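Structural overview
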Amino acid sequence: MKVIWGNEIVDRNKVTIDFEDRGYQFGDGVYEVISFYNRTYFCMEEHIDRFFSSAKKIEMRMPLSKSELKELITDLLNESEATDGYIYIQMTRGNASPRDHSYPSQDVVPLLTGSIAAAERDTDKLKKGIKTTLEEDIRWLRCDIKMISLLGNIMLKHEAHKKNADEAILHRGNIVTECSSSNVAMVKDGAIYTHPDGNLILPGITKIVWKACAEQLNIPVYERPFTTEELLEADEVFCSSTTKEVMPVNQIDDKVFELPESGSLIRLLQSCYEKKVVEQCGD
Ligand code: PLP
């Protein structure tokens, strides 16, 4: 299997990463997950922009340009045989020994790695929806950075898994923020509500896509905080992410939501999303 390591594509078994790498020592790094359909990346520009923006937020210098990165990830996709799937890329602040919390000098070179995984769209879940639980958002206050230290998210998803659910919907006090690995939105009386971007959530790329769909379909979108009580009273609820796309929620704790019908807002967003995939990636 070929992977990205530094600025090269190499066999995975050639990769050696020093244990003083700050990604390993401190979780000091940022990442992106970009989906591809029909061997073409979806929303590549937006993901690369967010990757660079996450790096800037932690004052990490990028050792390559956006166009060099695009070329590298395109080359890696060409090496793979997968039709649909994801690329995972991450940049750590590099190998700086001795171990020290402070940012190292600028001549420590950040380390890029990347790998491709084949994956089919989960059409069954996209139809039937997923079960979720409500969990207190115990993460830090810079959730806008797509960083590799995911312990908070992992612990929260584990809580959901212990209750046989797929995803945790998070709240700070009674304000719903996002999910452990996706954004969340609710539909009420023909409008969509979702938490505004800022330090409490990741600015999702899939959210950009479904918001564009909502605009095309003349569905009002309100980016304002809403409460867990409002969420449980919603007509429909969905999560969104690169891997989940527009994913209906069929249960939150004990509250069961009816399967969205064919003309429901979730179904309209899902078919618009699929059209956008076809526009960018072909069918
Ligand atoms: N929020 C969190 C915490 C995530 O981990 C993700 C994706 O992994 C998202 C939101 C959705 O982001 P995107 O739509 O860019 O995949």
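Note that the structure is a prediction, hence the values are computed from the model and not measured.

Parameters and conventions
Residues numbered from 1 in each chain as written. Predicted model: local features only at pLDDT ≥ 70, side-chain atom pairs only at ≥ 80, totals over all residues. Heavy atoms only, no water. Axes fitted to C-alpha atoms, helices over the stretch in contact; angles between N-to-C directions. Helix = DSSP H or I, 4+ residues; strand = E, 2+ residues; numbered from the N terminus. Parallel < 35°, antiparallel > 145°, perpendicular 65-115°, else oblique. Left-handed = near helix turned anticlockwise from the far one by under 90°. Contact = heavy atoms within 4.5 Å. Nonpolar A, V, L, I, M, F, W, Y, C, P; charged D, E, K, R; others polar. Pairing = 2+ DSSP bridges. Disulfide = S-S within 2.5 Å. Buried < 20%, exposed > 50% of the residue type's maximum accessible area, 1.4 Å probe, protein only. Phe/Tyr/Trp six-rings, centres within 6.5 Å; stacked < 30°, edge-to-face > 60°. Lys NZ or Arg CZ within 6 Å of the ring centre and 35° of its normal. Salt bridge = Lys/Arg side-chain N within 4 Å of Asp/Glu carboxyl O. Core = buried A, V, L, I, M, F, W, Y, C linked by side-chain atoms within 4.5 Å.

Relative orientation of the contacting elements helix H2 (residues 44–57) and helix H3 (residues 66–79) amounts to 125°, with a least axis distance of 11 Å. Here H2 lies oblique to H3, going by the angle between them. Remark: the crossing between H2 and H3 carries right-handed chirality. Two secondary-structure elements touch here, H2 through Met44, Glu45, Ile48, Asp49, Phe51 and Phe52 and H3 through Lys66, Leu69, Lys70, Ile73 and Thr74. Classifying every residue of the contact of H2 with H3 by side-chain character gives 6 nonpolar, 1 polar and 4 charged.

Before going further, it helps to examine the sheet that holds strand E4 (residues 40–41). Judged by pairing direction, the sheet is antiparallel, and its 6 strands sit side by side in the order E2-E1-E6-E5-E3-E4 without closing on themselves. Strand pairing shows two members of the sheet lacking a second neighbour, strand E2 (8–11) and E4, which therefore form its edges. As defined by bridge partners, strand E1 (residues 2–5) adjoins E2 across 4 bridges and the pair is classed as antiparallel. If you follow Trp5 over to E2, its bridge partner there is Glu8. Across the sheet, H2 lies against strand E3 (29–37), E4, strand E5 (85–92) and strand E6 (111–118), angled at about 175° from E3, the strand it touches most.

All told, the structure shown has 1 disulfide when counted by the stated rule. Through a disulfide, Cys213 is tied to Cys272; the S-S separation comes to 2.2 Å. Here the S-S torsion is close to -85°, and the disulfide linking Cys213 with Cys272 is therefore left-handed. Here Cys272 lies in helix H8 (residues 265–281) and Cys213 lies in helix H6 (residues 205–216), a separation of 59 residues in the sequence. Note on accessibility: Cys213 and Cys272 belong to one class, buried. Not part of a disulfide, Cys179 finds its nearest cysteine sulfur in Cys239, a span of 3.6 Å. Judged by relative accessible area, which is 1%, Cys179 ranks as buried.

It is worth spelling out the packing of aromatic side chains at this point. Scanning the model with the defined rule gives 7 aromatic pairs in all. With centroids separated by 5.9 Å and ring planes inclined at 90°, the aromatic side chains of Phe36 and Tyr41 adopt a geometry described as edge-to-face. Across the pair, Tyr41 and Phe36 agree in class, each one buried. Put simply, the rings of Tyr37, Phe42 and Tyr273 pair up and form one aromatic cluster. For Arg93, the ring lying beneath its charged end belongs to Tyr103, and the centroid distance is 3.6 Å. In this arrangement the basic side chain of Lys255 is found over the ring face of Phe257, its NZ or CZ atom lying 5.3 Å from the centre.

With that settled, the discussion passes to the pattern of salt bridges. Applying the stated criterion to the full structure yields 24 salt bridges. Where Glu167 meets Lys244, a salt bridge forms, and the shortest distance between an N and an O atom there is 3.2 Å. Pair noted here: Glu167 is in strand E8 (residues 167–172) and Lys244 is in the loop between strand E13 (236–241) and strand E14 (245–252), with a separation of 77 residues, a long-range link. Accessibility expressed as a relative area gives 0% for Glu167, which makes it buried. As a salt-bridge pair, Glu230 and Arg224 come within 3.2 Å of each other at their nearest N and O atoms. The exposure class assigned to Glu230 is partly exposed, which follows from its relative accessible area of 27%. You can call Arg224 partly exposed: its relative accessible area is 32%. Connected through shared salt-bridge partners, Asp137, Arg139, Arg172 and Glu178 make up one network.

Moving on, we get to the environment of Gln106. Locating Gln106 in the fold gives a position in the loop between E5 and E6. Given the relative accessible area of 52%, Gln106 is considered exposed. Sequence-wise, Gln106 and Arg93 are 13 residues apart; in three dimensions their C-alpha atoms are separated by 9.8 Å. Setting aside its immediate chain neighbours within four residues, Gln106 contacts Glu59 and Arg61.

This paragraph deals with the nonpolar core. Counting 27 residues, the largest nonpolar core has Tyr41, Phe51, Leu69, Ile73, Ile87 and Leu112 as the members making the most contacts within it. Of all the secondary structure elements, the ones that give two or more residues to this core are E3, H2, H3, E5 and E6. Ala185, Val187, Ile192 and Leu269 belong to the second largest nonpolar core, which has 21 residues in total.

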